[in-house]
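Observations on chain architecture
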Amino acid sequence: MTLKFDVLTPMIGARVHLDRTTLRNPATARELLQLLERHTVLVFPRLNLSDEEQLALTGALGGNVNIAARIAGRENAEAVYQVSLNEGVRIEKEYVLGTFFWHMDGLTVDIPPPKATVLTARHLAAAGGQTEFASTKAAYAALPAEEKAGLEGLRVVHTVTAALREIMHPEDVDAARRALRHEHPLVWARADGTKSLVIGATADLITGKSQAESRAILSRLLEWTVQPAFTYRHSWALGDCVVWDNTCALHRVIPYATDSGRMMHRTAIAGTEPVT
Ligand code: OGA
Ligand code: MN
């Protein structure tokens, strides 16, 4: 390993010192992917990537996938997604408000979930706006054995309406988003041999269980996963870039005001593994 890095917490997070001129270097990409596998969340302080550089980094780490463009009517969504509640920029306010709740990206569309998400801070909120990450892989590993056994074979339906249940009536969600639903195994046996929990705000119902039983299991797993030992909270500085493994982490943003001006530029690294 030639890259310099500091471990942020034992279970999740590393700060990496990256020289922008090495972004397109395959050897650097290999080391970054190793660090991502080990630490789940990589923080690059004040990297100040341009959109072009962010796309280059995303490409070097496995290729860009445009999840916003998977929604009917949004096929022309820009390659770099502007995560913001700013008037004028924001045509998908409810969707961005949904990022205030723990979630994984891309679980409601029919493609392998993005391997990782890349976020650059372009404008900070004066209050709130920190992003939190929770390791679903560390959380699963630490579950009691009998609870793991009880989760074997369960499947869970993820929907956009479930993700927005705290902020909208399902009938007010626009039709294209309301149609988004996808069923996944609740426990993801990943190619690297570890297992991850496929949970979060989009998790609606466990197949074959009542709503009450589903919510009991899903709430318990969510609370277990977001306990402090498995989480890292990032307080952004302008220009920071964070890359996180979306296959084994939940994330959410601490609420910020709709007129805060907060602006993040997001890209996603194409998933290689369907959830199995
Ligand atoms: C997202 C997201 C977090 C943030 O865009 O999917 O979760 O901190 N963003 O804005
Ligand atoms: Mn997200």
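Scroll up to find the structure.
Report follows, based on the coordinates. Sequence order as written defines residue numbering, which begins from 1 separately in each chain. Here the convention is simple: chains get letters from A, ligands get numbers from 1, in the order in which they are written. Selection of residues for local features in this predicted model requires a pLDDT of at least 70, selection of side-chain atom pairs for listing and counting requires 80 or more, and totals for whole chains, interfaces and linings are taken over all residues. The side-chain quantities take in all heavy atoms of the structure and omit both hydrogens and water.

1. Structural notes on the coordination of the manganese ion (ligand 2)
What counts here: A 2.8 Å cut-off from the metal defines N, O and S donors, relaxed to 3.2 Å for Na, K and Ca; water is not in the atom list, so some sites may appear incomplete. Only DSSP runs of H or I with at least four residues qualify as helices, and only runs of E with at least two residues qualify as strands; both kinds are numbered from the N terminus onward.
On the protein side, the manganese ion (ligand 2) has His103 (NE2), Asp105 (OD) and His251 (NE2) as donor atoms, found 2.1 to 2.2 Å from it. Sequence spacing of the donor residues for the manganese ion (ligand 2), all on one chain, is H-x1-D-x145-H. In this pair, Asp105 sits in the loop between helix H3 (93–97) and strand E5 (116–123) while His251 sits in strand E14 (residues 249–253), placing the two residues 146 residues apart along the sequence.

2. Describing the pattern of salt bridges
Pairing of side chains with opposite charge becomes possible as their charged atoms draw close. Quick reminder of the rule: Should a side-chain nitrogen of Lys or Arg be within 4 Å of a carboxyl oxygen of Asp or Glu, the pair is scored as a salt bridge. Each residue gets one of three labels from its accessible area relative to the maximum for its type: buried under 20%, exposed over 50%, partly exposed in between, using a 1.4 Å probe on protein chains only.
The tally for this structure, following the rule as stated, stands at 11 salt bridges. Of the charged contacts in the structure, one is a salt bridge between Asp51 and Arg122, with a shortest N-O distance of 3.0 Å. Of this pair, Asp51 sits in helix H2 (residues 51–60) while Arg122 sits in strand E5, and the two are 71 residues apart along the sequence. Overall, the relative accessible area of 28% leaves Asp51 in the partly exposed class. We note a salt bridge from Glu132 to Arg233, for which the minimum N-O separation is 2.9 Å. Of the two residues, Glu132 sits in strand E6 (residues 131–135) while Arg233 sits in strand E12 (residues 231–234), which places them 101 residues apart along the sequence. Each of Glu132, Arg233 and Arg252 takes part in one network of salt bridges that share partners.

3. Describing the nonpolar core
The following threshold applies: Here, nonpolar core refers to any group of buried Ala, Val, Leu, Ile, Met, Phe, Trp, Tyr and Cys residues whose side-chain atoms link them within 4.5 Å. Contact criterion: two residues are considered in contact whenever any of their non-hydrogen atoms come within 4.5 Å of each other.
Core analysis: the largest hydrophobic core is formed by 25 residues, its most contacted members being Leu151, Leu186, Leu197, Ile199, Leu218 and Leu221. Among the elements of the structure, helix H4 (136–142), strand E9 (187–189), strand E11 (203–206) and helix H8 (211–225) are those that each provide at least two residues to this core. Excluding residues within four positions of it along the chain, Leu218 makes contact with Val156, Leu186, Ile199, Ala203, Asp204 and Ile206. Listed in part, the 22 residues of the second largest apolar core include Val41, Leu85, Leu119 and Ala125.

4. Looking at a negative patch on the surface
Rules: Patch definition: residues with relative accessible area over 30% and no salt bridge; like charges joined within 9 Å; nonpolar side chains (Val, Leu, Ile, Met, Phe, Trp, Tyr) joined within 5 Å. For every accessible area listed, the method is Shrake-Rupley and the probe measures 1.4 Å; residues are considered covered only by the protein chains on display. None of His or the chain ends enter the tally, which takes Lys and Arg as positive and Asp and Glu as negative. Charged side chains are reduced to one point each, which is NZ for Lys, CZ for Arg, CG for Asp and CD for Glu.
On the surface, Glu94, Glu171, Asp172 and Asp174 cluster together into a patch of negative charge. Structurally, the position occupied by Asp172 is in the loop between helix H6 (160–163) and helix H7 (175–178). Asp172 gets classed as exposed once you look at its relative accessible area, which sits at 56%.

5. Focus: the side chain of His251
As a reminder, the rule being used: We call two N or O atoms a polar contact when they sit within 3.5 Å, provided that within protein one can donate a hydrogen and the other can accept it, with sequence-adjacent residues counted only if both atoms are side-chain atoms.
Accessibility expressed as a relative area gives 6% for His251, which makes it buried. A polar side-chain atom of His251 sits 3.2 Å from a polar atom in the side chain of Asp105. Excluding its chain neighbours within four sequence positions, the residues that come into contact with His251 are Phe101, Trp102, His103, Met104, Asp105, Glu132, Phe133, Trp244 and Asn246.

6. Topic: the site of ligand 1
Selection rule: One heavy atom suffices: a residue is near a molecule or strand as soon as one of its heavy atoms comes within 4 Å of it. Lining residues are those with an atom within 4 Å of a point, where the points come from a 1 Å grid over the protein atoms alone and group into cavities, where a 1.4 Å probe fits but cannot get out, or pockets, open sets with protein on both sides within 12 Å along at least five of seven lines. Think of it this way: if more than half of a molecule's atoms are within 2 Å of a pocket's grid points, that molecule is in the pocket or cavity. Amino acids are sorted into nonpolar (Ala, Val, Leu, Ile, Met, Phe, Trp, Tyr, Cys and Pro), charged (Asp, Glu, Lys and Arg) and polar (every other residue, Gly among them).
Neighbouring residues of ligand 1: Val83, Thr99, His103, Asp105, Leu119, Thr131, His251, Val253, Arg262, Met264 and Arg266. Within the side chain of Arg266, an N or O atom sits 2.9 Å from an oxygen atom of ligand 1. Protein contacts shield 100% of the accessible area of ligand 1, which totals 290 Å² for the unbound molecule. Judged by the fraction of its atoms near the pocket grid, ligand 1 is located in the largest cavity. Breaking the shell around ligand 1 down by element, the ones donating at least two residues are E14 and strand E15 (263–269). Split into classes, the residues belonging to the shell around ligand 1 amount to four nonpolar, four polar and three charged.

7. Re the sheet that holds strand E2 (residues 14–17)
Formally: One bridge is not enough; two strands pair if DSSP finds at least two bridges between them. The convention used is that axes are lines fitted to C-alpha atoms, helices contributing only their stretch in contact, and that angles between N-to-C directions extend from 0 to 180 degrees.
Spatially, E1-E2-E3-E13-E5-E15-E4 is the arrangement adopted by the seven strands of the open sheet, whose pairing is mixed. In this open sheet, the two edge strands, each paired with only one partner strand, are strand E1 (4–7) and strand E4 (81–84). Neighbour-to-neighbour, the strand axes of the sheet open up by a mean angle of 25°, direction not taken into account. Set on the sheet, helix H1 (residues 26–39) makes contact with E1, E2, strand E3 (41–44), E5 and strand E13 (241–245); between it and E3 the angle comes to about 125°. Packed onto the sheet, H2 meets E5, E13 and E15 and runs at close to 25° relative to E15.

8. So, the packing of aromatic side chains
Stated precisely, the cut-off is as follows: Side-chain rings of Phe, Tyr and Trp, where Trp is taken by its six-membered ring, are said to pair if the distance between their centres is within 6.5 Å; with planes under 30 degrees apart they count as stacked, over 60 as edge-to-face, and otherwise as tilted. By definition here, charges over rings are those cases where NZ of Lys or CZ of Arg is within 6 Å of the ring centre and within 35 degrees of the ring normal.
Evaluated as defined, the whole model comprises four aromatic pairs. When the ring of Trp224 is compared with that of Phe230, the centres are 6.1 Å apart and the planes differ by 50°; the resulting orientation is tilted. Under the relative-accessibility criterion, Trp224 is labelled buried at 18%. We note Arg266 situated over the ring of Tyr81; from NZ or CZ to the ring centre the distance is 4.3 Å.

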